[in-house]
Amino acid sequence: MKNLTNRQKEVLEFIARFTDENGYPPTVREIGDHFDISLRAVQDHIAACQKKGYLSQCQKRSRSIRVLKNEEGVSETKAFTSRIPLLGTVAAGKPLLSEENVDGYVTIAEPFVRPGKTYFALRVRGSSMINAGILEGDLAIIEKADVASEGQIVVAVVDNAITLKRFYREENRIRLQPENPDFQPIYTNDAHLAGIMVGLVRTY
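What you see is a predicted model, and the numbers here were worked out from it, not measured in a lab. (Residues numbered from 1 in each chain as written. Predicted model: local features only at pLDDT ≥ 70, side-chain atom pairs only at ≥ 80, totals over all residues. Heavy atoms only, no water.)

### Digging into the side chain of Thr188
Turning to step 1, where the next piece is worked out: Mapped onto the secondary structure, Thr188 falls in strand S10 (residues 186–188).
Turning to step 2, where the next piece is worked out: Residue class for Thr188 comes out buried when judged on its relative accessible area of 10%.
Turning to step 3, where the next piece is worked out: From its side chain, Thr188 meets the backbone nitrogen of Asp190 in a polar contact 2.8 Å long.
Turning to step 4, where the next piece is worked out: Apart from residues lying up to four places away in sequence, Thr188 is in contact with Val158, Arg173 and Ile174. (Helix = DSSP H or I, 4+ residues; strand = E, 2+ residues; numbered from the N terminus. Buried < 20%, exposed > 50% of the residue type's maximum accessible area, 1.4 Å probe, protein only. Polar contact = N/O pair within 3.5 Å; in protein donor to acceptor, adjacent residues only side chain to side chain. Contact = heavy atoms within 4.5 Å.)

Below is the structure:
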């Protein structure tokens, strides 16, 4: 493994420390601000560290820099973790992730979360999704998104209330389909999609 320059070591150490402290990696701009260097210089250091096998980065996503090896060349095996807001009772008229709705934070690791994405957690209430294996009290991990594919389980806001259902687009409306025959679908033309469910955490 090729040796790093002193500045590359400093950049690598900063990325690792920032990720440990915040639960997500820094942006190129945050690295540049820390070292008071240009974005081009940061990108050059990152590219050099990638070539030498110390970093990985997805160019199409922000906050996707990941340390593969520390400056001594030892593999970093820790999974990516993120501290995400846990929603409590959502107040009518308040934005979904406003401070009034946040009921604390939880730390979630891969594969539920990935660098460069925004997530929140939602405590499941009721039994409308039991046939999808989603039970009352479960913690649904939601990736923030405003579009969804057919059949995905989404968090939608309808009439100032949030609901967790399967998403289907019909000719002139949206159908939010429960996974329990005791519940009726919700048909609407005025649903705001807040996110897509990407994981479920259950405690016993």
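### Concerning the packing of helix H1 (residues 6–22) against helix H3 (residues 39–51)
Turning to step 1, where the next piece is worked out: Relative orientation of the contacting elements H1 and H3 amounts to 90 degrees, with a least axis distance of 10 Å. Comparing their axes, H3 and H1 come out roughly perpendicular. Side by side, H1 and H3 meet where Arg7, Gln8 and Val11 of the first sit next to His45, Ala48 and Cys49 of the second.
Turning to step 2, where the next piece is worked out: Across the contact of H1 with H3, the residue classes break down as three nonpolar, two polar and one charged. (Axes fitted to C-alpha atoms, helices over the stretch in contact; angles between N-to-C directions. Parallel < 35°, antiparallel > 145°, perpendicular 65-115°, else oblique. Nonpolar A, V, L, I, M, F, W, Y, C, P; charged D, E, K, R; others polar.)

### A short note on H3
Turning to step 1, where the next piece is worked out: Look at H3: 18 Å from first C-alpha to last across 13 residues, which is about the 18 Å you get at 1.5 Å a residue.
Turning to step 2, where the next piece is worked out: When H3 is considered as a whole, its buried residues turn out to be Val42, His45, Ile46, Ala48 and Cys49. Looking down the long axis of H3, one finds its buried residues gathered within 160 degrees of arc, a one-sided arrangement. Residues of H3 that are exposed and angled more than 90 degrees away from the buried face: Arg40 and Lys51.
Turning to step 3, where the next piece is worked out: Those residues of H3 hidden inside the fold are in contact with H1, helix H2 (28–35) and strand S1 (55–56).
Turning to step 4, where the next piece is worked out: Positive backbone phi, at 85 degrees, marks Gly53, one or two positions downstream of H3. (Expected span 1.5 Å × (residues − 1). Arc of directions from axis to C-beta.)

### Here we look at the packing of H2 against H3
Turning to step 1, where the next piece is worked out: The interhelical angle for the contact between H2 and H3, taken along N-to-C directions, is 105 degrees, at an axis separation of 9 Å. Considering their axes alone, H2 and H3 lie roughly perpendicular with respect to each other. Contact with H2, carried on its side by Val28, Arg29, Ile31 and Gly32, involves Leu39, Val42, Gln43 and Ile46 of H3 and no other residues of that element.
Turning to step 2, where the next piece is worked out: Tallied by class, the residues present in the contact of H2 with H3 amount to five nonpolar, two polar and one charged.

### Some remarks on the pattern of salt bridges
Turning to step 1, where the next piece is worked out: If you walk through the whole model with that rule in mind, you get seven salt bridges.
Turning to step 2, where the next piece is worked out: We note a salt bridge from Glu13 to Arg17, for which the minimum N-O separation is 3.6 Å. Placement of the pair is Glu13 and Arg17 together in helix H1, with a separation of four residues, close to one helical turn.
Turning to step 3, where the next piece is worked out: According to the relative accessible area criterion, Arg17 is partly exposed, its value standing at 34%.
Turning to step 4, where the next piece is worked out: Residues Arg175 and Glu170 are paired through a salt bridge, measuring 2.7 Å at the closest nitrogen-oxygen approach. (Salt bridge = Lys/Arg side-chain N within 4 Å of Asp/Glu carboxyl O.)

### Considerations on the packing of aromatic side chains
Turning to step 1, where the next piece is worked out: This model, assessed by the stated rule, comprises two aromatic pairs.
Turning to step 2, where the next piece is worked out: Residues Phe14 and Phe18 carry aromatic rings whose centres are separated by 5.8 Å and whose planes lie at 55 degrees to one another, so their mutual orientation is tilted. In this pair, Phe14 and Phe18 are both assigned in helix H1, four residues apart and thus about one turn of the helix distant.
Turning to step 3, where the next piece is worked out: Accessibility expressed as a relative area gives 15% for Phe18, which makes it buried.
Turning to step 4, where the next piece is worked out: Above the ring of Tyr105, the side-chain terminus of Arg83 is found at 4.2 Å from the ring centroid.
Turning to step 5, where the next piece is worked out: Taking NZ or CZ as reference, Arg173 lies 3.9 Å from the ring centre of Tyr187, over its face. (Phe/Tyr/Trp six-rings, centres within 6.5 Å; stacked < 30°, edge-to-face > 60°. Lys NZ or Arg CZ within 6 Å of the ring centre and 35° of its normal.)

### As for the nonpolar core
Turning to step 1, where the next piece is worked out: Of all hydrophobic cores here, the largest spans 16 residues; its most connected members are Leu12, Ile15, Ile31, Ile46, Leu55 and Ile65.
Turning to step 2, where the next piece is worked out: Elements supplying a minimum of two residues to this core: H1, H2 and H3.
Turning to step 3, where the next piece is worked out: Top element by residues in this core is H1. It accounts for five residues.
Turning to step 4, where the next piece is worked out: Discounting chain neighbours no more than four positions away, the residues touching Ile15 are Pro26, Ile31, Leu55, Ile65 and Val67.
Turning to step 5, where the next piece is worked out: Counting 13 residues, the second-largest nonpolar core is a separate cluster that includes Leu122, Ala140, Val155 and Leu164. (Core = buried A, V, L, I, M, F, W, Y, C linked by side-chain atoms within 4.5 Å.)

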